[in-house]
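Next come the chains, spelled out residue by residue.
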Amino acid sequence: MRAPALLMLCALAAFVAEASEGRATSDFEIAAMNRQLETSRDAFSRIAAHMNLGDLQAGRGNQTAARSHYETARTLAEEEMGSARKSSALRRYARAASWAGLSAAKLGRGGEAHRLLEEALRYDSDSTGSWNVYASAMTVLEKHTHSVAAARNAVTIASRSAGDSVPDALDLNIYRYALASALSRTETASAGSEAETLLGQIVLALSDRQFDSLRRKVARDEQFEIFSSTRTDSSAYLSLLNRTRLRLAKIYEESGRAEDARLQYRAVLADRIDDPAALAGMARLASGDEQHRYFAESFDASPFSLALVRQYESFLSEREVSPSTRRGNGATVQRAIEEASRNRHQNALDLLQTLEASHPDNSTLRYLIIRSHINSAEFARAREQLERRGLPAEIAGELRKDLALAEKAASRVPSFFNVARTNEPLRLSPDDLSLLVARIRTGTLTPEQLALVDTLHFVAPVAFEDVTSRDAETTTFQAGSLYDQRFRFSSPATFTGRFEAGTPHELEFQILGISETDGRETLLLQPWRVSS
């Protein structure tokens, strides 16, 4: 007898563990799942609702709320195990043990998850659902070899017993997805190729006329919600197709097949116009204003996706954008990232703390706030924030490492503070420039050090920007780059000789401070002479 789709689609629960996918979490989805929780009468429906709510909250970075739902699901599953054991209902007992094992995995309790999942298989080893949940839990725990083996078992059992019905075909493709998901994490060429083949087969299968009735129901009911665990075949169909296309698009994108990736992302957006993973994918593949537009839409759809934050930071590292004038949580996060990219960390902090007041347990906001404190040399504040509970271990570990490196760097001073003074200009190294700029930016130079900087002449290679004017004997410039640092003069400077923009030249100069030009941090220099 076919198990309900509620258990079948549990394979997709593991997908939530992939921060890189930037899964959407809409208010509508949370409200819909809360309504399901209120109307659910049987234990497994309530367990699935709490698991879904945990995944949805985790997608928003609300780790405390997510853990609370996973804990509740774990408790309900344990109670169901006790009830089933008393009734000698061994299959129900195994099913409850599977749910308990998955919730334990979501809570990071690897040993407990293993014990419960093995218990489920001990009583129901021929169940595709039990093997499927086992595979999902192993993916969450990053035990990818175990995940692949369990997913293969589910596919093998389902392939042997599958009939020609729509439910059977849907279940088999769900198990194929779980296997593809596990294979894609093993990081071997053969596994990656098999995963791509499986995902292509799933998309092709779900496009078959066999599923016309489910497509009509999705359209008729105007369904768009994507859940990890579903109760109906139409919801399972929609969620599976969304996940498969996103994963296939990512494979295409990473292998350089940009147009194939766009086709899959566009197909996702045709079903759900605010899917942030698809929007972020389109942004990565776009250029110019279109690229920024896609990022803006992705932030509006999923403001607190840490994966999206990091993608946008990478985008800003290579180009300048006009400040966002939109309103809403997504626009505010976007502006904070833009401010931080210009080293205006206090401005970023003000924006983030305003959001944190209404989202106090959000791990993405906590991450950005702590990083702003670190970049502003407010190390005690950063450490205080890190001591609070709620941050995922991986993120907390990353921030502790950043804090340690920043504190170590803050104890260093540019080497020219420790050398004997001469009448020759000092050769400025990239490392010394970076240290000096960081000290000036964070206000951590002593009065004596500031006074010394005012007297020093440096020499370093620079590349000038556009030529302001040129005649037979002179060339005039006002701005350029010193290593990776933008600089400008207080007014255009004319040098004797003919010099080309973009070509390295040796510049002798004094450092006057840091200013801002067109929203970018800029070193203010006093030029003395230039040579080829």
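Our structure is the block above this text.
Residues numbered from 1 in each chain as written. Predicted model: local features only at pLDDT ≥ 70, side-chain atom pairs only at ≥ 80, totals over all residues. Heavy atoms only, no water.

Engineer: It is not clear to me how the overall build of the protein chain should be interpreted in this structure. Could you clarify?
Structural biologist: In terms of regular secondary structure, the protein chain is built from 23 helices and seven strands. Based on the C-alpha atoms only, the size of the protein chain along its principal axes is roughly 90 × 45 × 40 Å. Looking at the protein chain as a whole, 53% of its 532 residues qualify as buried. Of the contacts formed within the protein chain by residues at least 6 apart in sequence, a portion of 59% connects residues at least 24 apart. About 23800 Å² of surface is accessible on the protein chain, with carbon and sulfur atoms providing 49% of the total. For the protein chain, the distance from the average site of its 65 positive side-chain charges to the average site of its 71 negative ones is 5 Å. (Helix = DSSP H or I, 4+ residues; strand = E, 2+ residues; numbered from the N terminus. Buried < 20%, exposed > 50% of the residue type's maximum accessible area, 1.4 Å probe, protein only. Contact = heavy atoms within 4.5 Å. Areas by Shrake-Rupley, 256 points an atom, 1.4 Å probe, with all protein chains shown as cover. Lys, Arg positive; Asp, Glu negative; His and termini not counted. Charge placed at Lys NZ, Arg CZ, Asp CG, Glu CD.)

Engineer: In this structure, what is going on with the packing of helix α12 (residues 233-254) against helix α14 (residues 276-285)? I would like to understand it.
Structural biologist: The description of two packed helices rests on the angle between their axes and on the distance between the axes. Axis separation between α12 and α14 bottoms out at 11 Å; the angle between their running directions is 15°. Considered as vectors, α12 and α14 are oriented roughly parallel to each other. In this structure, α12 crosses over α14, and the sense of that crossing is left-handed. Contact with α12, carried on its side by L246, K250 and E253, involves A277, A278, G281, R284 and L285 of α14 and no other residues of that element. (Axes fitted to C-alpha atoms, helices over the stretch in contact; angles between N-to-C directions. Parallel < 35°, antiparallel > 145°, perpendicular 65-115°, else oblique. Left-handed = near helix turned anticlockwise from the far one by under 90°.)

Engineer: Is there a simple way to explain helix α17 (residues 329-341) in this structure?
Structural biologist: For α17, built from 13 residues, the straight-helix expectation of 18 Å at 1.5 Å per residue is met to within 8% by its first-to-last C-alpha distance of 19 Å. Within α17, the full set of buried residues consists of G330, A331, T332, V333, Q334, A336, I337, E338 and E339. On the buried face of α17, the contacting elements are α15 (288-301), α16 (306-316), α18 (345-356) and α19 (363-375). N343 sits one or two positions beyond α17 and adopts a positive phi of about 65°. (Expected span 1.5 Å × (residues − 1).)

Engineer: Hey, could you run me through the layout of surface pockets in this one?
Structural biologist: Rolled over the atoms, a probe as big as a water molecule pinpoints where empty space is left. Here the second largest pocket defines a volume of roughly 1200 Å³. What lines the second largest pocket is a set of 47 residues, among which S341, N343, H345, R441 and E521 lie closest to the centre. With 10 residues, the single largest contributor to the lining of the second largest pocket is helix α22 (residues 430-442). Classifying every residue of the lining of the second largest pocket by side-chain character gives 20 nonpolar, 13 polar and 14 charged. (1 Å grid on protein atoms, 1.4 Å probe; cavity = no way out; pocket = protein on both sides within 12 Å on 5 of 7 lines; lining within 4 Å. Points joined across faces, edges and corners; volume = space filled by probe spheres on them. Nonpolar A, V, L, I, M, F, W, Y, C, P; charged D, E, K, R; others polar.)

Engineer: Looking at this structure, how should I read the packing of aromatic side chains?
Structural biologist: We describe a pair of aromatic rings using the distance from one ring centre to the other and the angle between the two ring planes. Going through the model one piece at a time under the given rule, you end up with 16 aromatic pairs. Where Y93 meets Y123, the ring centres are 5.1 Å apart and the plane angle is 80°; that geometry is what we call edge-to-face. You can see Y93 sitting in helix α5 (residues 90-106) and its partner Y123 sitting in helix α6 (residues 110-123), a full 30 residues away along the chain. A relative accessible area of 4% means that Y93 is categorised as buried. Cluster of aromatic residues (ring-pair linked, three or more members): F464, F477, F487, F489 and F495. Directly above the aromatic system of F44 lies the positively charged group of R95, at a separation of 4.0 Å from the ring centroid. One Lys or Arg, R293, reaches over the ring of Y294 and ends 4.5 Å from the middle of that ring. (Phe/Tyr/Trp six-rings, centres within 6.5 Å; stacked < 30°, edge-to-face > 60°. Lys NZ or Arg CZ within 6 Å of the ring centre and 35° of its normal.)

Engineer: Just checking my understanding: could you explain the pattern of salt bridges for this structure?
Structural biologist: Two side chains that carry opposite charge are able to pair once their charged atoms sit near each other. By the definition in use, this model includes 30 salt bridges. Note that E112 and R74 form a salt bridge whose closest N and O atoms lie 2.5 Å from each other. A residue pair is termed long-range when its members are at least 10 positions apart, and E112 in helix α6 and R74 in helix α4 (residues 63-86) qualify at 38 residues. For E112, a relative accessible area of 21% gives the class partly exposed. Here R293 makes a salt bridge to E290, at a shortest N to O gap of 4.0 Å. (Salt bridge = Lys/Arg side-chain N within 4 Å of Asp/Glu carboxyl O.)

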